[in-house]
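Architecture at a glance
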Amino acid sequence: MCYGHNQSFSRNSLRSRSHDGENEDSSVVDDLRDRLAETEARLRRARAREAELSRRLEQMKRFVSVMEIMEAFLERRFQEQKDRIDRLFSPVSTK
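Per an unreviewed UniProt entry, the protein carries the name Protein SKIP34 and comes from Brassica cretica.

Rendered as structure tokens:
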């Protein structure tokens, strides 16, 4: 909502305003200040939420990296044990 967007503000019109007009302007300014304060508060909350989500994302990335390292280690160990069992049960070749 824009305040006074249809009003024409010439110097003469501003000088000819009554005290009621000044009170109205004051309430409009107060309303705009309140809205600005609310917007700034929402922005601070949004930034805090963004920082928290970024922190959690970095934690998840570290977790995934650790899991990938563990997966590679376990796959290698599995293959080593499988190879060892295959060698134990393979027929001995005689030349």
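From this point, the narrative continues.
On to the overall build of the protein, then. Helices and strands together make up the secondary structure of the protein, namely two helices and zero strands. For the protein, buried positions account for 3% of its 95 residues. Per element, the accessible surface of the protein, about 9200 Å² overall, is 56% carbon and sulfur.

Taken together, the side chains of Phe63, Val64, Val66, Met67 and Met70 present a nonpolar region at the surface, about 440 Å² in accessible area. Assignment of secondary structure puts phenylalanine 63 in helix 2 (residues 19-89).

The rules behind each value
Residues numbered from 1 in each chain as written. Predicted model: local features only at pLDDT ≥ 70, side-chain atom pairs only at ≥ 80, totals over all residues. Heavy atoms only, no water. Helix = DSSP H or I, 4+ residues; strand = E, 2+ residues; numbered from the N terminus. Buried < 20%, exposed > 50% of the residue type's maximum accessible area, 1.4 Å probe, protein only. Areas by Shrake-Rupley, 256 points an atom, 1.4 Å probe, with all protein chains shown as cover. Patch = residues over 30% accessible without salt bridge, like charges linked within 9 Å, V, L, I, M, F, W, Y side chains within 5 Å. Salt bridge = Lys/Arg side-chain N within 4 Å of Asp/Glu carboxyl O.

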